[in-house]
Amino acid sequence: MKTWLDAWPVFRQLTGPDPLGRGAAARSRATENVVSRTATADRVVQSVCPYCAVGCGQRIFVKDEQIVQIEGDPDSPISRGRLCPKGSASKSLVTSPTRVTTVKYRRPYGTEWEDLELDTAMEMIADRVLEARRKGWQDENGGKRVNRTMGLASLGGATLDNEENYLMKKLYSAMGAIQIENQARI
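Conventions we followed
Residues numbered from 1 in each chain as written. Predicted model: local features only at pLDDT ≥ 70, side-chain atom pairs only at ≥ 80, totals over all residues. Heavy atoms only, no water. UniProt positions renumbered as here; feature names shortened; annotations may be inferred. Helix = DSSP H or I, 4+ residues; strand = E, 2+ residues; numbered from the N terminus. Salt bridge = Lys/Arg side-chain N within 4 Å of Asp/Glu carboxyl O. Buried < 20%, exposed > 50% of the residue type's maximum accessible area, 1.4 Å probe, protein only. Pairing = 2+ DSSP bridges. Axes fitted to C-alpha atoms, helices over the stretch in contact; angles between N-to-C directions. Contact = heavy atoms within 4.5 Å. Patch = residues over 30% accessible without salt bridge, like charges linked within 9 Å, V, L, I, M, F, W, Y side chains within 5 Å. Areas by Shrake-Rupley, 256 points an atom, 1.4 Å probe, with all protein chains shown as cover. Domains from an automatic or database assignment. 1 Å grid on protein atoms, 1.4 Å probe; cavity = no way out; pocket = protein on both sides within 12 Å on 5 of 7 lines; lining within 4 Å. Points joined across faces, edges and corners; volume = space filled by probe spheres on them.

Here we come to the UniProt feature "domain: 4Fe-4S Mo/W bis-MGD-type" (unreviewed entry) in the protein chain. As annotated in UniProt, the feature "domain: 4Fe-4S Mo/W bis-MGD-type" (unreviewed entry) corresponds to residues 42-98 in the numbering used here. The span residues 42-98 is 16% helix and 35% strand, and its two end C-alpha atoms sit 26 Å from each other.

Evaluated as defined, the whole model comprises seven salt bridges. A salt bridge links aspartate 73 to arginine 59; its shortest N-O distance comes to 3.1 Å. Here aspartate 73, found in the loop between β3 (66-72) and α4 (85-88), pairs with arginine 59, found in strand β2 (residues 57-63); they are 14 residues apart in sequence, far enough to count as distant. Overall, aspartate 73 belongs to the buried group, its relative accessible area being 5%. For the salt bridge of aspartate 115 with lysine 104, the shortest nitrogen-to-oxygen distance reads 2.8 Å. Of the two residues, aspartate 115 is situated in strand β5 (residues 114-116) and lysine 104 in strand β4 (residues 103-105); the sequence distance between them amounts to eleven residues. Via salt bridges that share partners, Arg59, Asp73 and Asp75 belong to a single interconnected network.

Right, let's get into the sheet that holds strand β8 (residues 177-182). Taking strand neighbours across the sheet as the criterion, the three strands line up as β6-β7-β8 in an open arrangement whose pairing is mixed. Either end of the sheet is taken by a strand with one partner, and the two such strands are β6 (137-141) and β8. The sheet shows a mean angle of 35 degrees between the axes of neighbouring strands, taken without regard to direction. Here β6 pairs with strand β7 (residues 144-156) via four bridges, running antiparallel. When the bridges of β7 are listed, glutamine 138 appears paired with arginine 148. Here helix α7 (residues 162-174) sits on the sheet and contacts β7 and β8; the angle it forms with β8, its principal contact strand, is near 165 degrees.

What follows concerns a nonpolar patch on the surface. A surface patch of nonpolar side chains, about 470 Å² in accessible area, is lined by Trp4, Trp8, Val10 and Leu14. Summarising the element assignment, valine 10 is placed in helix α2 (residues 9-15). Residue classification places valine 10 among the partly exposed positions, given a relative accessible area of 37%.

Considered domain by domain, the protein chain is made up of domain 1 (2-32), domain 2 (43-95) and domain 3 (136-185). Relative to domain 3, the C-alpha centre of domain 2 lies at a distance of 30 Å.

Right, let's talk about the layout of surface pockets for a bit. Put simply, the largest pocket is a space of about 200 Å³. If you go around the largest pocket, you meet 15 residues; those closest to its centre are Val48, Gly55, Gly57, Ser76 and Ile78. At three residues, strand β1 (residues 43-48) tops the list of elements feeding residues into the lining of the largest pocket. Residues lining the lining of the largest pocket come from more than one domain, with at least three contributed by each of domain 2 (43-95) and domain 3 (136-185). Each pocket or cavity is described by its volume, and for the second largest pocket that value is around 160 Å³. Surrounding the second largest pocket, ten residues form its lining, Asn165, Lys169, Ile180, Glu181 and Asn182 being those nearest its centre. Elements with a minimum of two residues in the lining of the second largest pocket: β7, α7 and β8. Element by element, the count of residues in the lining of the second largest pocket is highest for α7, at four residues.

What follows is the structure, given as structure tokens:
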């Protein structure tokens, strides 16, 4: 009888040092055995929420190379560990069984999407970038040497950090593009 009574939270609350039932009296054996998903993670990866342009920091908990939890990053100066409802639900974005994980391509004038190998898609992108650069290239403009292409432009998203924007600026400048902007400045 005593064992059964000790397992009953109301009895522990009335007879123990926790009369309000907010501490030990409210804890069951099942509660004692619960371990959070974050405690068993193999590693924690810092990231930025993929939704809006605020750039809230996220901590992504990974176990056995699978995402087990995504939480706000308390070290983020932007969000200080807080996430909006969409950011809080972003685990479903990457773990959903309906997530598209292949390259989809629709040919010009086509009506259906088809799957492409990643290498094929990357080659197509590289070919098109080089062709746009070549077609839009200008050696001179009004008698002045410019060495630029008008066939490429970049508009970076506001969720990109300074390092990513720096790399994009370097990449597009190296290709000769001059129309390079970032959404955070617009």
